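Examining the three-dimensional arrangement
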Amino acid sequence: MLDGMLVGLARRLRLMGYDCALPRPGEAGPAIAWRARAEGRVLVTVSRTQLERPPVEVFLVPEDDLTAQVRAIVRRFPIDVERLAFTRCSRDNTPLKTIPLNEVITRIPPRARELITEVRRCPQCGRLYWDGTHVERMRKRMREYTE
Ligand SMILES: [Zn+2]
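Residues numbered from 1 in each chain as written. Predicted model: local features only at pLDDT ≥ 70, side-chain atom pairs only at ≥ 80, totals over all residues. Heavy atoms only, no water.

**A short note on the overall build of the chain**
For the record, the criterion: Secondary structure follows DSSP: runs of H or I at least 4 residues long count as helices, runs of E at least 2 residues long count as strands, and numbering of each begins at the N terminus. For the exposure calls, accessible area comes from a 1.4 Å probe over protein chains only, and a residue counts as buried if that area is under 20% of its type's maximum, exposed if over 50%, partly exposed in between. Here, residues are in contact when the closest pair of their heavy atoms is within 4.5 Å. Using a 1.4 Å probe, the Shrake-Rupley method yields the accessible areas, and only the shown protein chains count as cover for residues. In this charge count, Lys and Arg are treated as positive and Asp and Glu as negative; neither His nor the chain ends contribute. Just so you know, the charge point we use is NZ for Lys, CZ for Arg, CG for Asp and CD for Glu.
Scanning the chain for helices and strands turns up six helices and five strands. The order of α-helices and β-strands along the chain, N terminus first, is α-α-β-β-α-α-β-α-β-β-α. Seen through its C-alpha atoms, the chain measures out along the principal axes to roughly 55 × 35 × 25 Å. Within the chain, the proportion of its 147 residues that are buried is 44%. Contacts in the chain between residues far apart in sequence, at least 24 positions, make up 47% of those at least 6 positions apart. For the chain, the exposed surface amounts to about 8,600 Å²; the carbon and sulfur share of it is 50%. For the chain, the distance from the average position of its 27 positive side-chain charges to the average position of its 19 negative side-chain charges is 3 Å.

**So, the coordination of the zinc ion**
A four-donor tetrahedral metal ideally has 109.5 degree angles, and a six-donor octahedral metal ideally has angles of 90 or 180 degrees. Here is the rule: The donor set covers N, O and S atoms within 2.8 Å of the metal, switching to 3.2 Å for Na, K and Ca, and it leaves out water, so a site may look short of donors.
Taken together, C89 (SG), D92 (OD), D92 (OD), C122 (SG) and C125 (SG) make up the protein donors of the zinc ion, found 2.2 to 2.7 Å from the metal. Expressed as a motif, the donor residue spacing for the zinc ion is C-x2-D-x29-C-x2-C. A relative accessible area of 0% means that C89 is categorised as buried. On the accessibility criterion, D92 (25% relative accessible area) is partly exposed.

**Considerations on helix α6 (residues 133-146)**
Stated precisely, the cut-off is as follows: Expected helix span is taken as 1.5 Å per residue step, with the number of steps being one fewer than the number of residues. Arc definition: directions from the helix axis to the C-beta atoms.
With 14 residues, α6 extends 20 Å between its outermost C-alpha atoms, agreeing within 8% with the 20 Å of an ideal straight helix rising 1.5 Å per residue. Along α6, the positions that sit buried rather than exposed are V135, M138, R139, M142 and Y145. Viewed end-on, α6 has its buried residues packed into an arc of 115°, placing them on one side of the element. Those residues of α6 that are exposed and aimed more than 90 degrees away from the buried face are T133 and R137. Contact partners of the buried residues in α6: α1 (7-16), α3 (66-76), α4 (81-84) and β5 (128-130).

**Observations concerning the environment of T45**
Which entries qualify depends on this criterion: Pairing of N or O atoms within 3.5 Å defines a polar contact, subject to two protein rules: one partner must be a possible hydrogen donor and the other a possible acceptor, and residues neighboring in sequence count only if both atoms are side-chain atoms.
Within the secondary structure, T45 is located in strand β1 (residues 43-45). A sequence separation of 82 residues divides T45 from R127, and the C-alpha atoms of the two residues are 27 Å apart. From its side chain, T45 meets the backbone nitrogen of S47 in a polar contact 2.9 Å long.

**Considerations on α3**
All of the buried residues along α3 are Q69, V70, A72, I73 and V74. Measuring from the backbone nitrogen of T67 back to the side-chain oxygen at the start of α3 gives 3.2 Å, which picks out D65 as the cap.

Functional significance is not addressed by these values, which are geometric in nature.
Spelled out as structure tokens, the structure:
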């Protein structure tokens with residue numbers, strides 16, 4: 001569970017495969033910590049004031065430095081990035097489903113069509129994910145995070 005200041009971090013972590021919840025609209029302060037507790041999540045925050053809130057494991061990340069934040073998470077909560085990368089929607093955290101390429105071929109840029117073998121779709125928002133050069137760059141960056 002990440003606090004509302006960490007939306008960018010949550011998106012990055014979801015792409016790496018982390019199950020990341022964010023506050024719902026209007027959900028703030030202790031309510032976030034209570035939901036983290038109810039859902040068995042660790043509360044990730046930049047704010048020390050969260051430490052005074054209800055009993056839930058809190059993990060502080062550095063402020064204003066996305067790379068340092070990701071590194072801190074990877075060290076504290078290691079995951080198999082190679083296996084889990086690009087299995088969750090970065091927007092809403094929903095696990096992606098692999099779908100046949102021909103079902104969505106018209107939504108994929110012509111240049112990408114020749115390069116990809118697999119497309120994944122978010123059952124929640126319909127967003128499509130496929131391997132491309134940006135994914136390769138991101139995988140490389142993810143490996144660097146875990147070194
Ligand atoms: Zn989605």
